[in-house]
Amino acid sequence: MADKKEVLRLMDLAYQARQNLCKMCCSYSGNVHMGGDMSMMEVLTTLFHHTMNVSPELQGDPERDRFILSKGHGAVCMYIVMALKGFFDYDEICSTYGEVGSKFGQHPCKTRLPMLDVSTGSLGHGLPIGVGLAASAKQKGQKHRVFVMMGDGETCEGSVWEAAMAGRALHLGNLVGIVDRNRQLMTSFSEDSILLEPYADKWRAFGWNVIEVEDGNDMKQVVEALDSIPDSSSDIPTVIISNTVKGKGVSFMEKQIKWHCGSLTKDDLQTALSDLEAAYEKQRKEL
Ligand SMILES: Cc1ncc(C[n+]2csc(CCOP(=O)(O)OP(=O)(O)O)c2C)c(N)n1
C-alpha cells in the first residue's frame, strides 16, 4: 500500500509542475508539446521525486539511477519536474526555453545539460541506448537501474522491439521501460490508425515482466506500480504500461488531437489554471 502522506506530497508536486508548465506555455512564443507533457506528469514526478536514486548532489555517483526521456519532445515537462528537485532554475527555463543557444532546447541535449544521461528527440532510440547502459552496468556488477520513458506512438518504431528482444536475451532485470499509453499519436488516435492493442500482450510475447497501471494519472496507482518493480538483480526487464489521458487536467486539451502541441493565450491560461485547481481539489478529496 502506498503511504498516503507520500502520495499527497507527490500530488502537490505534480500540481505545481502542471501549473508551471501552463504558465511557461503561455509566456513562450512558440508551441509546447502540452498533450504528452500533461499525460506523463504523474509518472515523471514519481520517478524523479520518489523512485529514482537521483539528485543534483548524486551527479558523480556511478550508482545513481539513469534516466532516458525517449519521448524527447516532452523535454520541458522533464526540465520543470527536475527544477522542483533542484536540478534547474524554473525562471531560467521560462526565460530561455527554445531560444537559440539556450541550455533548455525543445528536445533534451546532454552537451548543454551534462546532468542528463542521453540527448533525445528522434523517437525509438531511448530503449536501445537503455539496453546498452543496463548491459554495461550489469557487466560491471553495478546495482542501479536504467529507466526509459517512451510514448506509445513511439513504440511503432522497429528499433524499440529489437531492443525489447535484446533486453530479454541479456537478462536485463536492471532495465525498466515505461510507456505513456495515452492512445494518441501526433495526428491520430492509436486505435484508429496503427492498432497497438493487445498492447501488454506484445510486451509479454517479448518476454518482459509487464506491470499495467489502469489509471496512470492517479498518483496512488502510479506509486504502487513503481514500488512493485522487481529488484535490479532480477532476471528479466520490466515495462510499466501507464494508461493516461493526453492533455490531462485541462478541459480543452484532454483527448484533443490539436493539443499534441500548442500555445496558450492569457485567457486560456486562466481557464487552464482553474481546471487544474478543480482537478487537484477533487483528487485530494478522493484519496
Ligand atoms: C523518428 C521520429 N519520427 C517522427 C518524429 C516526430 N514526432 C514528434 S512527437 C510524435 C508523436 C509521438 O507520439 P507518442 O510517442 O505517442 O507521444 P505522445 O503522444 O505521448 O506525445 C512524432 C511522430 C520524431 N520526433 N522522431
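Residues numbered from 1 in each chain as written. Predicted model: local features only at pLDDT ≥ 70, side-chain atom pairs only at ≥ 80, totals over all residues. Heavy atoms only, no water.

**Examining the overall build of the chain**
Looking only at helices and strands, one finds 10 helices and five strands in the chain. Computed over C-alpha atoms, the radius of gyration of the chain comes to 18 Å, within 12% of the 19 Å expected from 2.2 N^0.38 for 287 residues, which places it in the range of a compact globule. Working note: accessible area of the chain is about 12200 Å², and carbon and sulfur atoms make up 51% of it. (Helix = DSSP H or I, 4+ residues; strand = E, 2+ residues; numbered from the N terminus. Rg over C-alpha atoms; globule rule 2.2 N^0.38 Å. Areas by Shrake-Rupley, 256 points an atom, 1.4 Å probe, with all protein chains shown as cover.)

**Thoughts on the side chain of serine 242**
Inspection of the secondary structure assignment puts serine 242 in strand β5 (residues 238–243). In this view, serine 242 contacts Val43, Val179, Asp180, Arg181, Val213 and Gly216; residues no more than four positions away in its chain are not counted. (Contact = heavy atoms within 4.5 Å.)

**Overview of the environment of leucine 84**
For leucine 84, the position within the fold is in the loop between α4 (75–83) and α5 (90–96). Between the C-alpha atoms of leucine 84 and alanine 14, which are 70 residues apart in sequence, the distance is 9.7 Å. Apart from the residues lying within four places of it in its own chain, the contact partners of leucine 84 are Leu13, Gln16, Ala17, Asn20 and His49.

**Some points on the UniProt feature "domain: Transketolase N-terminal" (unreviewed entry) in the chain**
The positions that UniProt labels "domain: Transketolase N-terminal" (unreviewed entry) are, in the present scheme, residues 30–272. Secondary structure across residues 30–272 comprises 34% helix and 12% strand; the distance between its end C-alpha atoms is 18 Å. (UniProt positions renumbered as here; feature names shortened; annotations may be inferred.)

**Quick look at the site of the ligand**
In the region of the ligand, 18 residues are neighbours, and Lys71, His73, Gly153, Glu154 and Lys246 sit closest. Contact between the ligand and glycine 121: a nitrogen atom at 2.9 Å from a main-chain N or O atom of the residue. For the shell around the ligand, a count of residues per class yields three nonpolar, nine polar and six charged. (Near = heavy atom within 4 Å. Polar contact = N/O pair within 3.5 Å; in protein donor to acceptor, adjacent residues only side chain to side chain. Nonpolar A, V, L, I, M, F, W, Y, C, P; charged D, E, K, R; others polar.)

**Topic: the pairing of strand β4 (residues 209–213)**
The side chains of a regular strand alternate between the sheet's two faces. Sheet topology places β4 next to β5; five bridges connect them, and they run parallel. Residue valine 213 lies in a different strand from β5, and its bridge partner there is serine 242. The handedness of the β4 to β5 crossover, carried by helix α9 (residues 219–227), is right-handed. (Pairing = 2+ DSSP bridges. Right-handed = clockwise from strand over helix to strand, strands pointing away.)

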